[in-house]
Structures are given as C-alpha cells and as structure tokens.
Amino acid sequence: TVVGDIHGDINSLSDILSVSGVHMFNGGSKIPIKDENEGSPWNGTGAIVFNGDFVDRGENSVGVILTLLLLKIAYPNNVYLNRGNHEDAILSTVFGLTDEIQARYGKGECDSTDDIWDAMGDLFSVLPLCVRTDTAAIMHGGIPSDGFQLSELESITTEQRSRIRSMLDPGDDAICELVQNVLWSDPRTEHGIHPNEDRGAGIFFGPDVTHRFLTDHGLKYLIRSHEVVDEGFHCMKCSEENSAITVFSSVNYPNGEGCNYGAVINICSDGTLAPVRFRGYEVGSIRSHNEYFNRTMSYLVEMISQNKSKLLSAFEKKAETKTLITTKEWADILSSQLDLHE
C-alpha cells in the first residue's frame with residue numbers, strides 16, 4: 001500500500017489506516033488490530049509506504065509524525081517512511097510545524113521546543129528517498145533528470161543524507177540538487193525535461209522520460225505524491241506497459257478547506273494496482289452552501305496556482321487562433337488541464 005501526502009491531518013490518517021486493513025480505534029483504546037488478510041503490513045505479509053509530506057498545513061503534524069514513528073517501531077520490516085519536500089528544516093518553519101511545536105511544548109520553564117525541533121530536523125534528514133518493489137518505484141516528487149538511475153540514490157550514504165537538512169538552496173552541492181529534484185519534481189504530459197517554474201524547484205518530466213526510466217529498471221509504475229488530486233489519485237499513461245501514478249491522501253486539503261478525495265494505492269500480488277478512495281465528509285454535512293462554495297473556490301485557486309505553466313501554455317495555444325474566447329471555452333480549458341470532473 002502506498003500513502004500520499006497527509007499534511008498534519010490526523011483524521012485522514014485514521015481513514016488511511018482503516019482502508020489499509022487496520023482499525024485505528026479499538027473500543028477507544030487506539031491500538032491497531034492485526035489484519036488476517038494476505039498482503040497486510042499488520043500481519044507481516046505485506047508493506048505500507050508513507051510517501052512523504054507528513055507535516056505542515058494541518059493542525060496535527062506532531063500527532064501524525066509520532067503515530068507514523070510508533071507504527072515504524074511496531075512494524076519495522078513492514079512500514080516505510082519516505083522523505084517529502086516538507087520534511088525540511090527550513091520549509092517547516094514557514095508552513096506550520098514549528099508553530100505547532102511552539103504552541104504545544106513551548107510553555108513555562110519546561111520549554112523544550114529547540115530540542116524537539118532539532119530532533120525533527122535530524123529525523124527528516126535521514127529518511128529514505130525511494131522504495132522499490134518488483135513493479136514500482138515509489139518516491140515523493142519523481143524523476144530528477146533524464147537518464148536517471150536508482151543507483152544514484154543508492155550511492156548516497158546515510159551520513160551524506162544527514163547533512164541535507166534543507167533542500168531549498170542546494171548551491172553547488174550535486175547530492176543536494178539530486179535530492180531536491182527527487183522531492184520537488186512533477187510529471188507533465190509534454191515530452192522531455194523542463195524547469196519547474198510553478199514551484200521554483202525541481203523539474204517537469206514528460207511521459208517519454210518516465211517510460212525510459214521505468215523500462216531501464218524493468219518496472220511498470222512510478223508512484224509519487226506531492227500534488228493534490230481531486231479524485232485522490234491520477235494516472236498518466238506513458239506507454240502500453242507503464243504509467244506514472246500520483247496519490248494524495250489528505251482529504252479536503254488544505255486543513256479541511258478543500259473538497260478533494262483522499263486515496264491510497266494498493267499494489268496487488270499480480271503486479272496490478274488497486275486504488276482505494278475515501279472522503280472525510282458528505283457534502284450535506286457542511287454547515288452551509290456558502291461554506292461549500294468557499295471550499296470549492298479555495299481548492300480551485302490552489303489547483304490553478306499549482307498548474308499555472310500548463311494553463312498558460314494552453315491559453316497561449318488558443319490565442320493563436322482567436323483573440324477572444326467564450327466563457328465555455330475558458331471553462332473547458334480549465335477542466336481539461338486540471339482534470340476537473342462534474
């Protein structure tokens with residue numbers, strides 16, 4: 001099972017564990033229940049990969065990361081924690097984790113925020129960057145360069161990783177630049193490699209680059225996270241044999257303000273994929289139509305911001321044939337480029 005971004009959402013983590021074969025709450029005791037199904041991480045016959053971005057932009061980043069660490073301790077050979085771009089000593093000071101640590105542990109004479117933050121930074125820097133199965137490569141962002149080989153990551157020692165507490169300014173450090181691109185890059189339908197101007201870090205990699213990478217390694221799937229997806233997961237077909245799959249697991253991102261599904265990807269024993277979607281609320285449970293509208297608009301703005309280069313290219317192509325477009329044409333372009341569905 002592959003889990004996408006959680007971003008401090010403890011309710012989504014509860015849903016994730018439920019659909020992954022474990023009940024998070026057993027009569028209120030909060031003890032995982034062993035699963036008797038074949039291929040389950042909870043009985044030792046399978047594995048679960050949490051693919052980065054455990055923290056930031058949610059209210060319970062500390063609770064999420066501690067739960068995942070406890071699961072890793074309880075199931076060391078079946079639970080894997082990949083590093084995401086928000087497992088970063090600088091980025092997490094901007095998007096909420098340090099504020100949460102300060103609010104929880106920075107009171108009175110027993111202020112331990114500095115020690116906790118240093119420990120978090122140490123943890124983030126040594127997290128693995130990729131998990132490989134028989135059929136899939138699992139990493140947070142994706143392919144860092146054309147011709148990339150997984151051996152490039154295997155050659156990075158734990159000591160070298162531990163020095164990369166932040167990837168925001170790699171400078172001339174080739175290893176830090178490689179790590180940044182693995183954690184920050186995104187797939188796009190255009191062939192080749194392009195600068196990721198939307199994020200200011202990483203690259204855009206096309207289906208041709210993905211196909212070559214997967215073929216070189218004898219794999220069928222690149223499974224990555226890093227981008228909110230309306231339906232919880234999205235497949236970019238690269239050839240008849242292989243695909244790039246994006247999975248995002250935080251429901252109604254960010255922090256309950258959006259309206260997206262969460263999902264996990266199950267890799268079956270026969271090599272096929274079985275996505276599972278979940279949703280933390282029903283539309284009718286939202287207090288008012290205005291609240292639902294505001295959540296939808298916030299989500300749309302987030303999608304437009306993350307895909308501004310792709311949208312600009314589509315509108316420029318349309319402008320080659322006409323100077324004015326109708327509202328329907330504008331909506332059709334947004335719908336097609338953002339994979340929006342009615």
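A quick note: this is a predicted structure, and the numbers were derived from the prediction, not measured.

## Digging into the overall build of the protein chain
Inference 1: What the protein chain contains, in helices and strands, is 12 helices and 13 strands.
Inference 2: Here the protein chain, with 342 residues, has 49% of them falling under the buried criterion.
Inference 3: For the protein chain, contacts bridging at least 24 residues in sequence account for 63% of all contacts bridging at least 6.
Inference 4: Total accessible area computed for the protein chain in this model is approximately 16400 Å², and 52% of it derives from carbon and sulfur atoms.

## Side note on the packing of helix α4 (residues 97-105) against helix α5 (residues 113-126)
Inference 1: Axis separation between α4 and α5 bottoms out at 9 Å; the angle between their running directions is 145°. The crossing of α4 and α5 is right-handed. In contact with L97, T98, I101, Q102 and Y105 of α4, α5 contributes T113, I116, W117, M120 and F124.
Inference 2: Of the residues that constitute the contact of α4 with α5, the class distribution is seven nonpolar, three polar and no charged.

## With respect to the packing of helix α2 (residues 61-74) against α4
Inference 1: At a minimum axis separation of 9 Å, α2 and α4 run at an interaxial angle of 95°. By the angle class used here, α2 and α4 are roughly perpendicular. Only L97, E100, I101, R104 and Y105 of α4 make contact with α2, whose side of the interface consists of S61, V62 and G63.
Inference 2: Of the residues belonging to the contact of α2 with α4, the class tally is four nonpolar, two polar and two charged.

## What to know about a negative patch on the surface
Inference 1: Taken together, the side chains of D111, D114, D115 and D118 present a region of like negative charge at the surface.
Inference 2: As for its position among the elements, D111 is in the loop between α4 and α5.
Inference 3: Overall, the relative accessible area of 41% leaves D111 in the partly exposed class.

## Some details on the pairing of strand β9 (residues 221-224)
Inference 1: Judged by which residues are buried, β9 turns out to be covered on both faces: Y221 and I223 on one side and L222 and R224 on the other are all buried.
Inference 2: Sheet topology note: the strand β5 (residues 136-138)/β9 ladder contains three bridges and is parallel. In the strand pairing of β9, I138 is matched with I223.
Inference 3: Examined bridge by bridge, β9 and strand β11 (residues 243-247) share four bridges and lie parallel to one another. Bridge pairing in β11 places R224 opposite T246.

## As for the sheet that holds strand β1 (residues 2-3)
Inference 1: The strand order across the open sheet built from five strands is β3-β2-β1-β12-β13, with neighbouring strands paired in mixed fashion. Strand pairing shows two members of the sheet lacking a second neighbour, β3 (79-81) and β13 (273-278), which therefore form its edges.
Inference 2: Running at roughly 140° to β13, helix α1 (residues 10-19) makes contact with β1, β2 (48-50), β12 (262-267) and β13 of the sheet.
Inference 3: Against the sheet, α2 touches β2 and β3, its axis set at about 135° to β3.

## Brief notes about the pairing of β12
Inference 1: Within β12, five of the six residues are buried, which leaves the element mostly enclosed by the surrounding structure.
Inference 2: Between β12 and β13, which pair antiparallel and follow one another directly, the connecting turn spans five residues, one of which, G271, has a positive phi of 90°.

## Looking at α4
Inference 1: For α4, the set of buried residues is L97, T98, E100 and I101. Along the axis of α4, the buried residues cluster in a sector spanning 160°; they form a single face.
Inference 2: Close packing links the buried residues of α4 with α2, α3 (91-94) and α5.

Conventions and cut-offs
Residues numbered from 1 in each chain as written. Predicted model: local features only at pLDDT ≥ 70, side-chain atom pairs only at ≥ 80, totals over all residues. Heavy atoms only, no water. Helix = DSSP H or I, 4+ residues; strand = E, 2+ residues; numbered from the N terminus. Buried < 20%, exposed > 50% of the residue type's maximum accessible area, 1.4 Å probe, protein only. Contact = heavy atoms within 4.5 Å. Areas by Shrake-Rupley, 256 points an atom, 1.4 Å probe, with all protein chains shown as cover. Axes fitted to C-alpha atoms, helices over the stretch in contact; angles between N-to-C directions. Left-handed = near helix turned anticlockwise from the far one by under 90°. Nonpolar A, V, L, I, M, F, W, Y, C, P; charged D, E, K, R; others polar. Parallel < 35°, antiparallel > 145°, perpendicular 65-115°, else oblique. Patch = residues over 30% accessible without salt bridge, like charges linked within 9 Å, V, L, I, M, F, W, Y side chains within 5 Å. Salt bridge = Lys/Arg side-chain N within 4 Å of Asp/Glu carboxyl O. Lys, Arg positive; Asp, Glu negative; His and termini not counted. Charge placed at Lys NZ, Arg CZ, Asp CG, Glu CD. Pairing = 2+ DSSP bridges. Arc of directions from axis to C-beta.

Limitation: the analysis is restricted to geometry and does not speak to function.
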